[in-house]
Amino acid sequence: MSEEKRTDTELDAARRQLVVFAEEIKEIYRRERQRTRELERALQELNDTYLDTMKTLAFLVEAKDVGTRTHLDRAHSYGMALVRMMAPELARRPQIGYGFLLHDIGKIGISERILNKPGPLTSAEWSVMQTHPVIGTQIVAPMRFLGEAVEVIAHHHEKFDGSGYPRGLRADDIPLAARIFAIVDAFDAMTTDRPYRPSMPADEALEEIVRCSGRHFDPDVVEAFLLFMDGAGRSPAAATAS
């Protein structure tokens, strides 16, 4: 066989090997893509299961605490409406909504005797009540997919002047989502009947929020909340429905 024919034969063999190799790589890539899709689907199903479990626990908390029935849905709706107004980039993160929905999940570890006490709490009882953000954080922390939801659960009772709990954070050290939620949580609490006191009118609740601006609440968030309420005709439900 001439040198030229031998070279052509070797080139043909090399081309065939490259074609076979390319097909093998293509098949390996296809299988890996399929495996990745299956893993992503399994992970999403696992996350959904975890979240459904957390939602169930949250609604169990609501059932335990007669003063907060229907509070979760309202606080979630109001909170998301205010976030969309103040920080649209936060509103695009589903973890923020999870945090609003699960904010009081730690109350699952608080005695119903304390949750439903018809009068003021003693100092000892209040100390127990103040542990619920820590308990909530411990419950959800292993679920990494919740991300920023943990910050809302942990810090929604911190106050702008540092007098809140559990860590005494102040001002911008408190995550923005927690600062936003603190106001809607407080407003809904004030305008809802509780075992230890009747609800107050919305106007009075707003006056209290303004009075606490710069102390309990971030002044910028207070200003945004007042605009939100003006647009809602003093009814948050009207704004969330629009």
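To be clear, the structure that these remarks concern was listed above.
Definitions and cut-offs
Once a new chain begins, its residue numbering starts again from 1 and follows that chain's sequence as written. In keeping with the model being predicted, local features are shown solely for residues with a pLDDT of at least 70 and side-chain atom pairs are shown and tallied solely at 80 or more, while totals for entire chains, interfaces and linings include all residues. Where side-chain values are given, they derive from all heavy atoms of the structure, hydrogens and water being excluded. Orientation is described by lines fitted to C-alpha atoms, with helices fitted over the stretch in contact, and by angles between N-to-C directions that extend from 0 to 180 degrees. To qualify as a helix, a DSSP run of H or I must reach at least 4 residues; to qualify as a strand, a run of E must reach at least 2; elements of each kind are numbered from the N terminus. Roughly parallel covers angles under 35 degrees, roughly antiparallel covers those over 145, roughly perpendicular covers 65 to 115, and oblique covers all other angles. It is the rotation of the near helix from the far one that decides the hand of a crossing: anticlockwise by less than a right angle makes it left-handed, clockwise makes it right-handed. By the convention used here, residues are in contact when the closest approach between their heavy atoms is within 4.5 Å. Residues are grouped as follows: Ala, Val, Leu, Ile, Met, Phe, Trp, Tyr, Cys and Pro are nonpolar; Asp, Glu, Lys and Arg are charged; every other residue, Gly included, is polar. One side-chain nitrogen of Lys or Arg within 4 Å of one carboxyl oxygen of Asp or Glu is enough to make a salt bridge. Exposure categories follow from relative accessible area, calculated using a 1.4 Å probe and restricted to protein chains: below 20% of the type maximum is buried, above 50% is exposed, and the middle band is partly exposed.

Before we go on, may I ask you to explain the packing of helix 2 (residues 71-86) against helix 9 (residues 176-190) in this structure?
Each packed pair of helices is defined by two parameters, the angle between the axes and the distance between the axes. In the contact formed by helix 2 and helix 9, the axes pass within 9 Å of each other and the chain directions differ by 140 degrees. The angle between the axes of helix 2 and helix 9 places the two elements in the oblique class. Note on packing geometry: the crossing formed by helix 2 with helix 9 is right-handed. Counting all contacts with helix 2, which are made through His-71, Arg-74, Ala-75, Tyr-78, Gly-79, Leu-82, Val-83 and Met-86, the residues of helix 9 involved are Ile-180, Phe-181, Val-184, Asp-185 and Asp-188. Residues that form the contact of helix 2 with helix 9 fall into these classes: eight nonpolar, two polar and three charged.

Would you explain unusual backbone geometry in this entry?
The bulk of non-glycine residues show a negative phi, and the bulk of peptide bonds are trans. Residues Tyr-165 and Pro-166 are joined by a peptide bond in cis, for which omega reads 10 degrees. Here Pro-166 lies in the loop between helix 8 (149-155) and helix 9.

Is there a simple way to think about the pattern of salt bridges in this case?
If the charged atoms of two oppositely charged side chains come close together, the side chains can form a pair. Enumeration according to the criterion identifies 11 salt bridges in this entry. For Asp-104, the salt bridge is made with Lys-107, and the minimal N-O distance between the two is 3.4 Å. Residue class for Lys-107 comes out buried when judged on its relative accessible area of 10%. The salt bridge partner of Arg-211 is Glu-208, with a shortest N-O separation of 2.5 Å. Here Glu-208 and Arg-211 lie together in helix 10 (residues 202-211), a separation of three residues that amounts to about one turn.

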